[in-house]
Amino acid sequence: MIVNVNRFKCGYCGACVGVCPAGALELIETWIEVDTTCTGCGVCAKICPVGALELNEK
Amino acid sequence: MKNKYDVIIVGAGPGGSITAKTAASGGLDVLLIEKRQEIGDPVRCAEGVGKDALKKHIEPDNKWIASEIKGSKIFSPDGTEIKMSEDASSGMKVGYVLERKVFDRVLAQEAAMAGAEVMVKTRATGLLRSNGKVTGIKAMYMGETHNINADIVIGADGIESKVGRWGGIDTALKPNDIETGAQFLVSNIEPGDYNQFYLGDNYAPGGYLWVFPKGKHMANVGLGILGSKSGNVRAISRLHRFLETYMPKGKIVEMVVGGVPVSGPIKQTVADGLILVGDAARQSDPLTGGGITNAMDAGKMAAEVCIKANEKGDYSVKTLKEYEDKWRSTIGKELSKSLQVKNLLVKLNDEQLNQLAHSLDGIDTSKMELPSLLFALFKKNPKILWELKTLFV
Ligand SMILES: Cc1cc2nc3c(=O)[nH]c(=O)nc-3n(C[C@H](O)[C@H](O)[C@H](O)COP(=O)(O)OP(=O)(O)OC[C@H]3O[C@@H](n4cnc5c(N)ncnc54)[C@H](O)[C@@H]3O)c2cc1C
Ligand code: SF4
Ligand code: SF4
């Protein structure tokens, strides 16, 4: 997984899902899931209104 | 739940529920699914709507109206006030601030009363297809996956829409095409009865900060910043800063976060056996971020085309194109104009915004709507606003 979701910060708004060019994110009930198609582009992390997403360096 | 319907609608926001209600009233067999267990909650909205736009769809009811609004006040970065949108026949209220948790559920209930089946805590996880056509959905309810067939699937699944992508329509928003927002329901304040908008980099780069009254002592206080200008300082941090400075006595009783599409019309909103509606079709206004009544209008158009498709027995793009044409010539036109204004506004610096506000000195804007206000601004500031000239010919 390239993107880390801080579940304690996330307000499950779905904005990140709407911008992900790879369709790698999904909002399920109250959490965000990241699948293996994530390319690490970082767009989701940039637009999250609360800063709940971080790119994993590895 | 049956295993076959005429229409399946994914998402029970205002767009989905109006689609469901209209289609069911027209005699179609309709399933409306919503992944949340409570329709309308959590809210992702500042809840402001125009009275006339709303009344086309539903009789106003105090159960879901938090406040009636007299007009709007826009504040330039240096605090210059521009009053607008008051009713010309004076005294009449022009807008509402809704209680969307109640409003959204009432719309879903109306769909149910019209004959639609409603399922909550039910998430679409993919589309069924045969011969390239969409023929239904895969849906998960309480951990179990079901295949449910339909002649047509409506994606009314909001900002996080997947239905379009599954159907081959790329709806991914670029950072420039989204406002990323945060809002608090703030108590212990006196917001008055105007919707207030604050412009400037100090408040919300590439967006605005809003105060929408909810009753005498509460308001939705929020801000949206252009996605491309988000990063180091988040919407939520900016909002905290505003509250500390300008509403030190305010108490936060609710928190909302969310994104609004501000892309303007996208290229494609139908495929064989598939229609997108509302935020899923990126039909929210690029300038104001308002999307409630656009989603409802589009939902009605989509359902009417579904009824025709049902009569013809043809759900291909050939038939569904009527929806595409109809929304583009109405909602789409407005979106394009708003996009043009938004694209210019995000380029202006605080000084230019102040200059625009000062240029209206001595002009009574209080009864003007946005188009006439823009025209007044254009006449006074042709240089700054030159690229909007096509709006006024
Ligand atoms: C901070 C903020 C402030 C706003 N302020 C205003 C305002 O003042 N006025 C205004 O008019 N608009 C405002 N908007 C925009 C407005 O909220 C939306 O335009 C409007 O809700 C769009 O309606 P919709 O029916 O298209 O989608 P939504 O209301 O978003 O509904 C989509 C529904 O689909 C469901 N869903 C998603 N995926 C699935 C799935 N796979 N399966 C099942 N269900 C699914 C979601 O849970 C959701 O309930 C604001 C938005 C934000 C974020
Ligand atoms: S954008 Fe941020 S707050 Fe919203 S769902 Fe994604 S991670 Fe959560
Ligand atoms: S980093 Fe890019 S590809 Fe990965 S989840 Fe975020 S937006 Fe999608």
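Our subject is the structure that appears above.
Residues numbered from 1 in each chain as written. Chains lettered and ligands numbered in written order. Predicted model: local features only at pLDDT ≥ 70, side-chain atom pairs only at ≥ 80, totals over all residues. Heavy atoms only, no water.

Peer 1: Before we go on, may I ask you to explain the site of ligand 2 in this structure?
Peer 2: With respect to spatial proximity, the complete set of residues near ligand 2 consists of Cys10, Gly11, Tyr12, Cys13, Gly14, Cys16, Ile32, Cys48, Pro49, Val50, Ala52 and Leu53 of chain A. Here the shell around ligand 2 is composed, by residue class, of 10 nonpolar, two polar and no charged. (Near = heavy atom within 4 Å. Nonpolar A, V, L, I, M, F, W, Y, C, P; charged D, E, K, R; others polar.)

Peer 1: In this structure, what is going on with the interface of chain B and chain A? I would like to understand it.
Peer 2: Interfaces are often sized by the amount of accessible area the parts lose when they come together. Facing the 29 residues of chain B at the interface are 25 residues of chain A. When the two sides are added together, the surface that chain B and chain A hide from each other amounts to roughly 2,100 Å², 54% of it contributed by carbon and sulfur. Viewed at the interface, chain A and chain B are joined by two salt bridges. A salt bridge links lysine 121 of chain B to glutamate 29 of chain A; the nearest nitrogen and oxygen atoms lie 2.9 Å apart. (Contact = heavy atoms within 4.5 Å. Buried area = accessible area lost by both parts, 1.4 Å probe. Salt bridge = Lys/Arg side-chain N within 4 Å of Asp/Glu carboxyl O.)

Peer 1: So what exactly am I meant to see when it comes to the sheet that holds strand S3 (residues 48–50) of chain B here?
Peer 2: The strands that make up a sheet are held in pairs by hydrogen bonds between backbone atoms, and each pair lies either parallel or antiparallel. Residue and element names in this part refer to chain B. Read across the open sheet, the three strands follow the order S3-S7-S4; overall the sheet is antiparallel. Two strands bound the open sheet, and with one partner strand each, they are S3 and strand S4 (65–69). Direction aside, neighbouring strands of the sheet carry axes that sit 30 degrees apart on average. As defined by bridge partners, S3 adjoins strand S7 (residues 95–98) across three bridges and the pair is classed as antiparallel. Each bridged residue has a counterpart across the sheet, and for glycine 50 the counterpart in S7 is glycine 95. (Pairing = 2+ DSSP bridges. Helix = DSSP H or I, 4+ residues; strand = E, 2+ residues; numbered from the N terminus. Axes fitted to C-alpha atoms, helices over the stretch in contact; angles between N-to-C directions.)

Peer 1: Is there a simple way to think about the nonpolar core in this case?
Peer 2: One finds Leu25 of chain A together with Val221 and Met247 of chain B to be the most contacted residues of the largest nonpolar core, which totals 46 residues. Counting residues per element, the ones that place at least two in this core are helix H1 (15–19), strand S2 (25–28), strand S3 (31–34) and helix H2 (43–47) of chain A together with strand S12 (178–187), strand S14 (208–213), strand S15 (218–226) and helix H5 (235–246) of chain B. Counting residues per element, this core draws most heavily on H5 of chain B, at five residues. Excluding residues within four positions of it along the chain, methionine 247 of chain B makes contact with Val186, Ile189, Val211, Val221 and Phe242 of chain B. (Core = buried A, V, L, I, M, F, W, Y, C linked by side-chain atoms within 4.5 Å. Buried < 20%, exposed > 50% of the residue type's maximum accessible area, 1.4 Å probe, protein only.)

Peer 1: Quick question: what am I supposed to make of helix H8 (residues 350–358) of chain B here?
Peer 2: Structurally, the α-helix is built with 3.6 residues per turn, so residues lying three or four positions apart point the same way. Residues and elements named next belong to chain B. Here H8 has its buried residues at Leu353, Asn354, Leu356 and Ala357. Angularly, the buried residues of H8 cover 160 degrees about the axis, an arc narrow enough to put them on a single face. Structurally, H8 contributes buried residues whose contacts are with strand S6 (81–84), helix H7 (317–345), helix H9 (370–380) and helix H10 (382–385). (Arc of directions from axis to C-beta.)

Peer 1: Explain the pattern of salt bridges here, please?
Peer 2: Between side chains of opposite charge, pairing is possible as soon as their charged atoms come close. Residue and element names in this part refer to chain B. Taken as a whole, this structure holds 25 salt bridges over all chains when the rule is applied. In this structure, the salt-bridge partner of lysine 51 is glutamate 68, at a minimum N-O distance of 3.1 Å. Of this pair, lysine 51 sits in helix H2 (residues 51–55) while glutamate 68 is found in strand S4, placing the two residues 17 residues apart along the sequence. Owing to a relative accessible area of 10%, lysine 51 belongs among the buried residues under this scheme.

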